[in-house]
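Understanding the architecture of this molecule
One-letter residues, chain by chain:
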Amino acid sequence: MNVIITGANGFVGRNIGLHLAENGFEVTGIVRGKKVVPFPAVSSKDLTETRLGNMIKNSDALVHLVGQGKQTVCNTYENVNVSLTRNAVTLCKRAGIKKIIYMSGLGVDKSTTLGYFISKYNAEQEIVKSGLDYTIFRASYIVGKDDPLSKTLQQQIRKGKIIIPGSGNYRFQPIFVDDVSKIIGKTIVDKKLSNKIIDLVGPQIISYNLFVKKFLHGRNVPIQRLDFEDAYNNALHGKGSFGVDDLAIMAGDYIGNHKKLASLAEMKFTRWDEILKSCSLS
Ligand SMILES: NC(=O)c1ccc[n+]([C@@H]2O[C@H](COP(=O)([O-])OP(=O)(O)OC[C@H]3O[C@@H](n4cnc5c(N)ncnc54)[C@H](OP(=O)(O)O)[C@@H]3O)[C@@H](O)[C@H]2O)c1
């Protein structure tokens, strides 16, 4: 089967692309700059080029991973998360691609007041109303080698201390990127996951404090607890490891429905403590 991946140079895109390519799929990435992935890729500014539609004509599925979790004056959530999703839907229709898979975020719903989640919700709606066969995943933190959260922790370790905003008691449900890749593979071939919005969450719920402790593997790195007000102040002024919306998501304590995912995907999930060991994240 032919699979197209937008945002292929990103953390999730390169992992999924590699997994699918190793498991019999013909993968073509779409990237905005120079390709860094070891599978074929084409470049596109905004997914609207006519040549692009012709190059990927009649592929079996498009996995839309373009997205950003921090906005700037030039790259707003509306421009990137919503408009480029609308362009991805149009691209599917032009190229005769009937299936679209989208990576949304855990915590997104109609009643959200967070700008990032509002853009993800509006992007979801572009897909739901498109008439295409769709699967939308609302993902918790996806972890694996070089994931964004682990990279942040590694950077903090290199600077000499781990910073935990607030109490650190807020929880999350990390899911292994290899498990995510397997689920995407199943979603492409199995109609059971069609036309659904599904939480993409791992089997265990853990606090940020515990995650950091395990990440350190007993290493003696000082931990600084930073008052949330100070963390927020840093974020607003572009300082520190976390953006304003990162902090909101952390404090949001979002937990999802792993049982539903497990019953649809029918596979064994990796425990997060095994992930930390197997990926040598720490
Ligand atoms: N990682 C997680 O834990 C997680 C959790 C929930 C949801 N998600 C969602 O999953 C998707 C992939 O996440 P990720 O961790 O792989 O993020 P990532 O590493 O930041 O990758 C995002 C991709 O989007 C591309 N992109 C960003 N702005 C763009 C623009 N204006 N035009 C074209 N391409 C653009 C980036 O291109 P460049 O490579 O050129 O920068 C990159 O390839 C995102 O939509 C994210 O919101 C991720």
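The model shown is predicted, which means the values in this text are computed figures rather than measured ones. (Residues numbered from 1 in each chain as written. Predicted model: local features only at pLDDT ≥ 70, side-chain atom pairs only at ≥ 80, totals over all residues. Heavy atoms only, no water.)

The next subject is helix α6 (residues 177–189). Relative to the 18 Å expected for 13 residues at 1.5 Å per residue, α6 spans 19 Å between its end C-alpha atoms, a close match to the ideal helical length. Within α6 the residues assigned to the buried category are Val 177, Asp 179, Val 180, Ser 181, Ile 183, Ile 184, Gly 185, Thr 187 and Ile 188. (Helix = DSSP H or I, 4+ residues; strand = E, 2+ residues; numbered from the N terminus. Expected span 1.5 Å × (residues − 1). Buried < 20%, exposed > 50% of the residue type's maximum accessible area, 1.4 Å probe, protein only.)

Our focus in this paragraph is the packing of helix α1 (residues 11–22) against α6. The contact between α1 and α6 brings their axes to 9 Å, and the two run at 60 degrees. In terms of axis orientation, α1 runs oblique to α6. Handedness of the α1/α6 crossing: right-handed. Within the contact between the two elements, α1 uses Phe 11, Asn 15, Ile 16, His 19 and Leu 20 and α6 uses Val 177, Val 180, Ser 181, Lys 182, Ile 184, Gly 185 and Ile 188. (Axes fitted to C-alpha atoms, helices over the stretch in contact; angles between N-to-C directions. Parallel < 35°, antiparallel > 145°, perpendicular 65-115°, else oblique. Left-handed = near helix turned anticlockwise from the far one by under 90°. Contact = heavy atoms within 4.5 Å.)

Attention shifts here to the site of the ligand. Inspection of the region around the ligand gives 19 residues, with Phe 11, Val 12, Arg 32, Lys 120 and Ile 142 positioned closest. In this structure, Phe 11 approaches the ligand through a main-chain N or O atom, which is 2.9 Å from an oxygen atom. Between Ile 142 and the ligand, the recorded distance is 2.8 Å, taken from a backbone N or O atom to an oxygen atom. Mapped onto the shell around the ligand, the elements with two or more residues apiece are α1, α3 (77–95), β5 (99–105) and α4 (115–128). A class-by-class count of the residues in the shell around the ligand yields eleven nonpolar, six polar and two charged. (Near = heavy atom within 4 Å. Polar contact = N/O pair within 3.5 Å; in protein donor to acceptor, adjacent residues only side chain to side chain. Nonpolar A, V, L, I, M, F, W, Y, C, P; charged D, E, K, R; others polar.)

What follows concerns the side chain of Ser 194. Along the polypeptide, Ser 194 turns up in the loop between α6 and β11 (196–200). Look past the residues within four positions of Ser 194 in its chain and what remains in contact with it is Lys 99, Asp 133, Tyr 134 and Thr 135.

Taken as a whole, the second largest pocket holds about 200 Å³ of empty space. Looking at the second largest pocket, it is lined by 16 residues, and the ones nearest its centre are Lys 70, Gln 71, Ala 235, Gly 243 and Val 244. Of all the secondary-structure elements, those providing two or more residues to the lining of the second largest pocket are α8 (228–236) and α9 (244–252). Among the residues making up the lining of the second largest pocket, the classes are represented as five nonpolar, seven polar and four charged. (1 Å grid on protein atoms, 1.4 Å probe; cavity = no way out; pocket = protein on both sides within 12 Å on 5 of 7 lines; lining within 4 Å. Points joined across faces, edges and corners; volume = space filled by probe spheres on them.)

It is worth spelling out the pattern of salt bridges at this point. Applying the stated criterion to the full structure yields ten salt bridges. Across the pair Arg 86 and Glu 78 runs a salt bridge whose closest N-O atoms are separated by 4.0 Å. Arg 86 gets classed as partly exposed once you look at its relative accessible area, which sits at 35%. Judged by relative accessible area, Glu 78 falls into the partly exposed class, the value being 41%. With a shortest N-O distance of 3.8 Å, Glu 126 and Lys 129 are connected by a salt bridge. Accessibility expressed as a relative area gives 13% for Glu 126, which makes it buried. The network of salt bridges with shared partners includes Glu 78, Arg 86, Glu 126 and Lys 129. (Salt bridge = Lys/Arg side-chain N within 4 Å of Asp/Glu carboxyl O.)

Met 103, Ile 184, Tyr 208 and Phe 211 are the most contacted members of the largest nonpolar core, which has 59 residues in total. When near neighbours in sequence (up to four residues on either side) are disregarded, Phe 211 contacts Val 143, Leu 149, Leu 153, Phe 172, Pro 174, Ile 206, Trp 272 and Leu 276. The next biggest cluster of nonpolar side chains, apart from the first, holds 20 residues, and it includes Ile 30, Ala 88, Leu 91 and Cys 92. (Core = buried A, V, L, I, M, F, W, Y, C linked by side-chain atoms within 4.5 Å.)

On to the sheet that holds β5, then. Strand order in the open sheet formed by seven strands is β3-β2-β1-β4-β5-β6-β11, and the pairing between neighbours is parallel. Two strands in the sheet have a free side with no partner beyond their single neighbour: β3 (41–43) and β11. Across the sheet, the mean angle separating the axes of adjacent strands is 20 degrees when strand polarity is ignored. Alignment of strand β2 (residues 26–31) against β3, held across three bridges, turns out to be parallel. Bridging across to β3, Ile 30 finds its partner in Val 42. On the sheet, α1 packs against β1 (2–6), β2 and β5 and is oriented at approximately 170 degrees with respect to β1. (Pairing = 2+ DSSP bridges.)

Turning our attention to the packing of aromatic side chains. Scanning all chains against the criterion turns up nine aromatic pairs. Here the aromatic rings of Tyr 141 and Phe 172 are separated by 4.9 Å at their centres, their planes lie at 80 degrees, and the arrangement is edge-to-face. One end of the pair, Tyr 141, is in the loop between β6 (133–139) and β7 (142–143); the other, Phe 172, is in strand β9 (residues 171–172), and 31 residues separate them in sequence. (Phe/Tyr/Trp six-rings, centres within 6.5 Å; stacked < 30°, edge-to-face > 60°.)

Taking 1.5 Å of rise per residue, twelve residues should cover 16 Å, and α1 covers 17 Å from first to last C-alpha, within 8% of that figure. Taken together, the buried positions of α1 are Phe 11, Val 12, Gly 13, Ile 16, Gly 17 and Leu 20. Just downstream of α1, Gly 24 is the residue with a positive phi angle, here 90 degrees.

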